[in-house]
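Structural overview for review
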Amino acid sequence: MTTGTPEQAAILDALKGIQDPDLGKDIVTLGFVKNLVIDGGNVRFVIELTTPACPVKEEFKNQARELVGAVPGVTSVEVEMASNVVASNPLLAKDAVPGLKNILAVSSGKGGVGKSTVAVNLALALSQTGATVGLLDADVYGPNVPLMLGLSGQPQVQGQRILPFEVHGLKVMSMGFMVKEDQPVIWRGPMLHGAIRQFLFDVEWGELDYLVVDLPPGTGDAQLSLAQQSQLMGAIVVTTPQDVSVLDVKKAINMFRQVNVPVLGIVENMAGLTLTGNVHGAAAGTRVEMFGPDGPITTEIGDGGRFEVVLDVFGKGGGDKIAEQFEIPILGRIPLDPSVRSGGDTGKPVTVAAPDGPIAACFRSVAGQLAARVSTVNMS
Ligand SMILES: Nc1ncnc2c1ncn2[C@@H]1O[C@H](COP(=O)(O)OP(=O)(O)OP(=O)(O)O)[C@@H](O)[C@H]1O
Ligand SMILES: [Mg+2]
């Protein structure tokens, strides 16, 4: 080594200054730093994370550039970000589905809280980060994922294998492809088990970082057996901010605990509806009062007469209560917004229809938090 060339130890020492907030250790100790090349003053390396959806990916990259750039002798730094999603423990089980690294259930205590909407958009948001993602609509009673993604018809079969549909980068399978529309399906226990097993084992999923499973609403026997059957890595529970919903969520959490499936977090859906408006000619700072269902909602006029209020149509604080009581994190809140509903109705979910909008950003944030939780649980 010529004089002035930085030492490998000095580079690694600098990189030890980067802490992974979820795993609680520095990235060198965690073994994330790979392929370190020191070429004169030029330093190149790869940071391999446990998920491409890592919420602090950009921060890590910037920190790495800065810290290594400050090591004496370093003239330039090239950081490549990579990822290798950690597989969950059930994969080590004898009868695990090969290739499916993490099977994640989206559930809720009661119906209509936006489970399918969250499952679809979360799967899309994860896939948009570069992860390989599948979506299994296991809602045998009311499969509506095909409609939400604009899919119809029957899946193709290749030999003994069922080929999933592919749309917006997702691999999708649904009970809806198997049954005629408008025909109620009456499932008995053993049939249900058979169907879920078939969806997991006989569908050509390939290698997936995450398989998101949309479970039917409720906490009955069917849900319990699905949770047991599908070798779940973990579950997320969707709730609205209102109290009734919160009661049902408790049931869902207890159900998963009963079968030893970790509840990774709560998604509060249909949180505040944001209304924006304009009072023409009004001076900035003028007080606006609206008469909300639970009392007055006040705000101030901003620049150009504009104002914004948030209406808590479905109440407020439900998710926080659950999070506190069960010590489960809130992965995020999705506002009540017409674009979410219309996305679901037209087969183009909001994360695809308006990827740069605020709602897509909410889903991306939830996806990041979820992926971080998955990594943390898998690495503990
Ligand atoms: N954040 C939101 N803003 C506006 N509309 C929403 C939001 N989330 C869901 N919706 C709408 O609410 C309705 C119910 O949502 P969804 O079908 O996802 O609920 P679900 O919990 O899966 O229902 P089910 O229990 O019947 O399976 C749909 O019309 C959907 O478009
Ligand atoms: Mg649903």
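Residues numbered from 1 in each chain as written. Chains lettered and ligands numbered in written order. Predicted model: local features only at pLDDT ≥ 70, side-chain atom pairs only at ≥ 80, totals over all residues. Heavy atoms only, no water.

1. Some thoughts on the environment of Ser108
Convention followed: Only DSSP runs of H or I reaching four residues or more are called helices, and only runs of E reaching two or more are called strands; each is numbered from the N terminus. Residue contacts are defined here by distance: any two heavy atoms, one from each residue, within 4.5 Å place the two residues in contact. Counted as a polar contact is a pair of N or O atoms within 3.5 Å, where, for protein atoms, one must be capable of donating a hydrogen and the other of accepting one, and residues adjacent in sequence contribute only when both atoms are in side chains.
Topologically, Ser108 is positioned in the loop between strand S6 (103–107) and helix H3 (115–128). Taking the C-alpha atoms as reference points, Ser108 and Phe201, 93 residues apart in sequence, are found 25 Å from one another. Among residues more than four places away in sequence, those in contact with Ser108 are Val113, Lys115, Pro217, Gly218, Val237, Val238 and Ala252. Of the polar contacts made by the side chain of Ser108, one reaches the backbone oxygen of Lys110; its length is 2.5 Å.

2. Section: the sheet that holds S6
Threshold: In short, DSSP must find at least two bridges between two strands for them to pair. Axis angles are defined between N-to-C directions and span 0 to 180 degrees, where every axis is a line fitted to C-alpha atoms and, for a helix, only to the segment in contact.
Read from one edge to the other, the open sheet built from 8 strands follows the order S10-S11-S7-S12-S6-S13-S14-S19, with strand pairing classed as mixed. Each edge of the sheet is formed by a strand with only one pairing partner; in this case those strands are strand S10 (165–167) and strand S19 (330–335). Each adjacent strand pair in this sheet contributes to an overall mean axis angle of 25°, direction not counted. Sitting on the sheet, H3 is in contact with S6, strand S7 (133–137), strand S11 (170–174), strand S12 (210–214), strand S13 (234–239) and strand S14 (263–271), with an inclination near 170° to S12. The strands touched by helix H11 (residues 358–379) are S6, S12, S13, S14 and S19; relative to S19, the strand with the most contacts, the crossing angle is about 165°.

3. Observations regarding the nonpolar core
Here is the rule: Only buried residues count toward a nonpolar core, which is a set of Ala, Val, Leu, Ile, Met, Phe, Trp, Tyr and Cys residues joined through side-chain atoms within 4.5 Å. Each residue is assigned to one of three classes by its accessible area relative to the maximum for its type, calculated with a 1.4 Å probe on protein chains only: buried under 20%, partly exposed between the two thresholds, exposed over 50%.
Ranked by size, the top nonpolar core spans 83 residues in total, and within it Leu149 and Phe256 carry the most contacts. In terms of residue count, H3 provides more of this core than any other element does, 8 residues in total.

4. With respect to the site of ligand 1
The test is simple: Proximity is defined per residue: if any heavy atom of the residue lies within 4 Å of a molecule or strand, that residue is considered near it. Residue-level accessible areas treat just the shown protein chains as cover; the underlying method is Shrake-Rupley with a 1.4 Å probe. Gly counts as polar in this scheme, as do all residues outside two lists: the nonpolar Ala, Val, Leu, Ile, Met, Phe, Trp, Tyr, Cys and Pro, and the charged Asp, Glu, Lys and Arg.
Taken together, 18 residues are adjacent to ligand 1, and Gly112, Lys115, Ser116, Thr117 and Pro335 come closest. Between an oxygen atom of ligand 1 and a main-chain N or O atom of Gly112, the distance comes to 2.9 Å. A distance of 3.0 Å is found between a nitrogen atom of ligand 1 and a backbone nitrogen or oxygen belonging to Asp337. Summarising the interface, the protein chains cover 80% of the accessible area of ligand 1, which totals 630 Å² for the free molecule. Per-element tally for the shell around ligand 1: the top contributor is H3, with 3 residues. Here the shell around ligand 1 is built from residues that sort into 7 nonpolar, 7 polar and 4 charged.

5. A short note on the domain arrangement of the protein
We count it as follows: Source of the domain bounds: an automatic or database domain assignment. A pairing counts as a salt bridge when a side-chain nitrogen of Lys or Arg comes within 4 Å of a carboxyl oxygen of Asp or Glu.
The assigned domain composition of the protein is domain 1 (8–83) and domain 2 (103–270 + 314–379). Put simply, the middle of domain 1 and the middle of domain 2, counted by C-alpha atoms, are 34 Å apart. At the junction of domain 1 with domain 2, the criterion picks out 0 salt bridges. Applying the counting criterion to the domain 1 and domain 2 interface returns 2 residue pairs in polar contact (both at pLDDT 80 or more).

6. Details of helix H9 (residues 338–346)
Here is the rule we go by: What the arc measures is the spread of directions leading from the helix axis to the C-beta atoms.
Of the positions making up H9, those classed as buried are Val340, Gly343 and Gly344. Down the axis of H9, the sector holding all buried residues measures 95°, keeping them to one side. Exposed and oriented more than 90 degrees from the buried face of H9 are Pro338, Arg341 and Thr346. Of the surrounding secondary structure, the elements contacted by the buried residues of H9 are H3, helix H4 (145–148), S19, helix H10 (350–353) and H11. Positive phi shows up at Gly347, right after H9, with a value of about 80°.

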